[in-house]
Amino acid sequence: MDGQQPVTAGEHVIEIRLPLGYPREQPYVVPLTPVFHPNVGEHYCIADYWSAGEGLVDVVTKVGDMIQYRIFNTRSPLNAVAAYWADQHPEVFPVGNVELGQPELEISLTPSASAAKHVTAASRDAVTDPDVAMITPRRDKEPGA
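Counting from 1, residues in each chain are numbered in the order their sequence is written. For this predicted model, a pLDDT threshold of at least 70 governs which residues receive local features, and a threshold of 80 or more governs which side-chain atom pairs are given and counted, while totals over whole chains, interfaces and linings are taken from all residues. Side-chain measures here rest on the full set of heavy atoms in the structure, leaving out hydrogens and waters.

Moving on to the nonpolar core. We call a set of buried residues a nonpolar core when its members are Ala, Val, Leu, Ile, Met, Phe, Trp, Tyr or Cys and they connect through side-chain atoms within 4.5 Å of each other. For every residue, the accessible area (1.4 Å probe, protein chains only) is compared with the maximum for its type, and the residue is labelled buried under 20%, exposed over 50%, or partly exposed between those bounds. In this structure, V29, V35, V40, Y44, I46, Y49, W50, V59, V63, M66, I67 and I71 together form the largest nonpolar core, which totals 12 residues. It is helix α1 (residues 56-67) that provides the largest number of residues to this core, a total of four residues. Contacts are residue-level and defined by heavy atoms, with any inter-residue pair within 4.5 Å sufficient. When neighbours within four sequence positions are excluded, V59 is seen to be in contact with I16, P27, V29, I46 and W50. Counting six residues, the second-largest nonpolar core is a separate cluster that includes F36, A82, W85 and A86. Only DSSP runs of H or I with at least four residues qualify as helices, and only runs of E with at least two residues qualify as strands; both kinds are numbered from the N terminus onward.

What follows is the structure, given as structure tokens:
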């Protein structure tokens, strides 16, 4: 960062501090290397992008997206110079293409004749066909059993 615009960096280092109220309270993310971003000052402002249901992997992924200008908010900046620069240069975004986190998996279940055979055979304890997976709900013991 030269103070007025972003400069490409090969590495970004952050510190994630977890408050006692985590995950109800958001983590506090501190940049240990300079970052020129509207929502980064002494800390990363992740409040616009964080919810209590997200894990640390999600926080790191969001920080990575922020560094690459995939997500930012110029209406509530911690760095007004970076916000002004971002508003003036929308054509350069995102500035990176690194995917952090895992891609969403598409899962589809297709019943087969083999699966139907296993489902209707209630007396079977194990699935023997390697192409079929069966999940049996856990049944608690009856009282007195």
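On to unusual backbone geometry, then. The residue after Y22, namely P23, is reached through a cis peptide bond having omega 15°. Looking at the element boundaries, P23 is found in the loop between β1 (14-17) and β2 (28-31). Backbone torsion omega between F93 and P94 reads -10°, so that peptide bond is classified as cis. Mapped onto the elements, P94 comes out in the loop between α2 (80-88) and α3 (113-120). In the Ramachandran plot, Y69 falls in the positive-phi region, its phi being about 55° despite a non-glycine side chain. As for its placement among the helices and strands, Y69 is situated in the loop between α1 and α2.

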